[in-house]
Amino acid sequence: MSLPPSSGGMAAGHPPHQSLSQTTFSFEIAPDTSGFAMSDFLAQLEDYTPTLPDSIANHYLQMAGFESTDTRICRLISIAAQKFISDIANEAYTHCKLKASVPQGKGAKTKVEKKLTLTTEELIPVLAEYGIIVKKPPYYM
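Predicted, not measured: the structure shown is a model, and the values here were computed from it. The written sequence of each chain sets the order in which its residues are numbered from 1. In keeping with the model being predicted, local features are shown solely for residues with a pLDDT of at least 70 and side-chain atom pairs are shown and tallied solely at 80 or more, while totals for entire chains, interfaces and linings include all residues. The side-chain numbers reported here are obtained from all heavy atoms of the structure, hydrogens and water having been left aside.

Side note on a nonpolar patch on the surface
- The residues that make up patches have over 30% relative accessible area and no salt bridge, and they are joined within 9 Å when like-charged or within 5 Å when they are Val, Leu, Ile, Met, Phe, Trp or Tyr. Each accessible area is a Shrake-Rupley result for a 1.4 Å probe, and residues are judged covered by the shown protein chains and nothing else. Whenever a carboxyl oxygen of Asp or Glu lies within 4 Å of a side-chain nitrogen of Lys or Arg, that contact is scored as a salt bridge. Judged by side-chain polarity, Phe84, Ile85, Tyr130, Ile132 and Val134 come together as a nonpolar surface patch covering roughly 390 Å² of accessible area.
- Inspection of the secondary structure assignment puts Val134 in the segment after helix 4 (120-129). Per the convention used, a helix needs a DSSP run of H or I reaching at least four residues, while a strand needs a run of E reaching at least two, with both numbered from the N terminus.

So this is what it looks like as structure tokens:
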């Protein structure tokens, strides 16, 4: 079996390079294997109002170069952002509680509940776990 001759110095069977702005993507929904229909989920997205309003999500998506007329996609991204922020806040709260529960000295009381305050010191390591590097300005150090 012989290969067809290549043209223009390109390898056979490979399309020419395109810039990202010229590339089009198509997505297919995978068959449902979990027992929950994707159409049911998409219908629920139409009725759901996320914490992050659609107008704000659309604004930031457009600033990032993403445009869509389907509100379900915007709401899906809003839900993902809400989950991401919630995970960070919950983990930072856990770090703050653990730090507050450690006795600070000989006379420290551990049974007294005190008000927890989220500070940058508790937030920085949690954000670092998610790949977000936060550095304090030098005048705060």
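Some thoughts on the side chain of Ser78
- One can find Ser78 in helix 3 (residues 71-101).
- The exposure class assigned to Ser78 is buried, which follows from its relative accessible area of 1%.
- With residues up to four places along the chain from it excluded, the contact list for Ser78 reads Pro50, Leu52 and Ala57. Per-residue accessibility, obtained with a 1.4 Å probe over protein chains only, is compared with the maximum for each type, and a residue is labelled buried under 20%, exposed over 50%, and partly exposed between these values. The contact criterion used throughout is that any non-hydrogen atoms of two residues lie within 4.5 Å.

Focus on the pattern of salt bridges
- Inspection of every chain in the model, using the stated rule, returns six salt bridges.
- Between Arg72 and Asp70 there is a salt bridge, with the nearest N and O atoms lying 3.1 Å from each other.
- Residue Arg72 is classed as partly exposed on the basis of its relative accessible area of 24%.
- A salt bridge links Lys136 to Glu121, with the nearest nitrogen and oxygen atoms 2.3 Å apart.

Thoughts on helix 3
- A helix's residues, less one, multiplied by 1.5 Å, set its expected span. Look at helix 3: 44 Å from first C-alpha to last across 31 residues, which is about the 45 Å you get at 1.5 Å a residue.
- Of the residues making up helix 3, those classed as buried are Cys74, Arg75, Ser78, Ile88, Ala92 and Cys96.
- Looking at the buried side of helix 3, the elements it contacts are helix 1 (38-47), helix 2 (54-63) and helix 4.

Re the packing of helix 3 against helix 4
- Orientation of helix 3 relative to helix 4, taken along the N-to-C sense of each, is 135 degrees, at an axis distance of 9 Å. Relative to helix 4, the element helix 3 is oriented oblique. When the axes of helix 3 and helix 4 are compared, the crossing they make is right-handed. The segment helix 3 lies against helix 4, with Ile88, Glu91, Ala92, His95, Cys96 and Lys99 engaging Glu122, Leu123, Val126, Leu127 and Glu129.
- Only Asp, Glu, Lys and Arg are considered charged in this grouping, and only Ala, Val, Leu, Ile, Met, Phe, Trp, Tyr, Cys and Pro are considered nonpolar; every other residue, Gly among them, is considered polar. When the residues that make up the contact of helix 3 with helix 4 are grouped by side-chain class, the tally is six nonpolar, one polar and four charged. Under this scheme, a helix contributes an axis fitted over its contacting stretch, all axes are lines through C-alpha atoms, and angles between N-to-C directions fall in the 0 to 180 degree range. Each angle gets one of four labels, with under 35 degrees taken as roughly parallel, over 145 as roughly antiparallel, 65 to 115 as roughly perpendicular, and the rest as oblique. Note on convention: the crossing is left-handed when the near helix lies turned anticlockwise from the far helix by less than a right angle, right-handed when the turn is clockwise.

Some thoughts on the environment of Leu61
- Looking at the secondary structure, you find Leu61 in helix 2.
- Note: C-alpha distance between Leu61 and Ile77 (16 residues apart in sequence) is 9.1 Å.
- Look past the residues within four positions of Leu61 in its chain and what remains in contact with it is Phe66, Cys74 and Ile77.

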